[in-house]
Amino acid sequence: MEPKQIIEAIKKEAPVIKSVYFVGCGASMSDLFPAKYFLEKNARELRTSLYTANNFNYSTPAAVDNTSIVITCSLSGNTPETVAATKLAVEKGAHVISITIDPNSGLAKNSQYQIIHGFHESYGAKMEKPARALELACEILNEYEGYEHYDDMHDGLNKIIDLINSSVPMFRPIARKFAEENYNAPILYVMSSGATQYTAYGFSMFLMMEMQWLESSSFHTGEFFHGPFELADENAHYVLMMNDGPTRPLDARALTFIQRMNAKYTLMDAKDFGLSSHIKSTVVEYFNPLMLGGLTRLLGEEIAIKREHPLTMRRYMWKLEY
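Residues numbered from 1 in each chain as written. Predicted model: local features only at pLDDT ≥ 70, side-chain atom pairs only at ≥ 80, totals over all residues. Heavy atoms only, no water.

(A) Spotlight on the nonpolar core. Ranked by internal contacts, the top residues of the largest apolar core, which has 74 residues, are Ile71, Ile97, Phe203 and Phe287. For Phe203, the contacting residues outside a window of four places in its chain are Phe178, Leu188, Val190, Met208, Val239, Met241, Thr296 and Leu299. If you look at the next biggest cluster of nonpolar residues, it comprises 15 residues, including Phe224, Met242, Phe257 and Ala263. (Core = buried A, V, L, I, M, F, W, Y, C linked by side-chain atoms within 4.5 Å. Buried < 20%, exposed > 50% of the residue type's maximum accessible area, 1.4 Å probe, protein only. Contact = heavy atoms within 4.5 Å.)

Given below as structure tokens:
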């Protein structure tokens, strides 16, 4: 079923929805953040939260019941903690939607509704997961409260995958330069704001720490001047994801400071890829994480080549019981 059909079906069963929970682990949790951000920014009555799956399992919100929609996400559909969270949400009476690539996975089999997406086909396809979550959030808001920019959101959703793919050739040289400058960095700091906050987190945690064993830390640009900026000097390495939208001044302030301190940095500016030329200003901020998230894969690929460390290499994951 498509997101619109799913939410219409839920509305028939549950005319009143009070809360929406987004639940996942690792990169999948990060991919849910733009949808949570969108709903939190625009909903007047609906309450929303983002949970890592085992926190949801061990410290379950009391409000999870038949007035809740729970959206669980796992790329493979078999992340044990997220499958358990899906089962738990169903037991609590919630209306549960899973997002995964595998219709036969544990996640899909244990949810009431499923969104099956692509991933391997292109750089843009790697952002189908957050795009579908964002579409679900848009449909929930429109169905239960109404949303004046509904058509603008769908126009953006119809364009974003192709926009990512068309930006890849332009970004590849930047990714190669990033690899040259950061392959032996003692630590890489990654920062952004707004809907892209967890894109920075995800790049740091998963592409760098998990897939490259490269020490990294992430933080919000709004928090940069409340501690982390003390480490800014000519030996510091940064990736700054700059948004096109209302939180851009936070990113610009951080950029000005790291330039002033002569730090090494890679700038990923959504404006450079024509985002606002194709997507309406009313909704453009929600597409920053999709555009920039799709391009971070190139940073990972190029640094993996330079470090002779394939992105698939692991020490513990899939090899040990833990």
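(B) Region of interest: the sheet that holds strand β2 (residues 47–52). Strand order in this open sheet of 5 strands is β2-β1-β3-β4-β5, and the pairing throughout is parallel. Each edge of the open sheet carries a strand with a single partner, namely β2 and β5 (113–116). Looking at each pair of strands side by side, their axes are set apart by 15° on average, direction ignored. The pairing of strand β4 (residues 95–100) with β5 spans 4 bridges and is classified as parallel. Paired with Ile97 across the bridge in β5 is Tyr113. Relative to strand β3 (residues 68–73), helix α4 (residues 80–91) is tilted by about 165°, and along the sheet it contacts β1 (19–24), β3 and β4. (Pairing = 2+ DSSP bridges. Helix = DSSP H or I, 4+ residues; strand = E, 2+ residues; numbered from the N terminus. Axes fitted to C-alpha atoms, helices over the stretch in contact; angles between N-to-C directions.)

(C) Quick peek at the pattern of salt bridges. For the structure on display, the rule yields 17 salt bridges. As a salt-bridge pair, Arg172 and Glu301 come within 3.2 Å of each other at their nearest N and O atoms. Taken together, the residues Arg172 in helix α7 (residues 150–182) and Glu301 in helix α11 (residues 288–307) connect sequence positions 129 residues apart. You can call Arg172 buried: its relative accessible area is 17%. Where Glu302 meets Arg176, a salt bridge forms, and the shortest distance between an N and an O atom there is 3.6 Å. Taken together, the residues span a long stretch of sequence, with Glu302 in helix α11 and Arg176 in helix α7 at a distance of 126 residues. The exposure class of Arg176 is partly exposed, given its relative accessible area of 47%. Through salt bridges with shared partners, a single network forms among Arg172, Arg176, Glu301 and Glu302. (Salt bridge = Lys/Arg side-chain N within 4 Å of Asp/Glu carboxyl O.)

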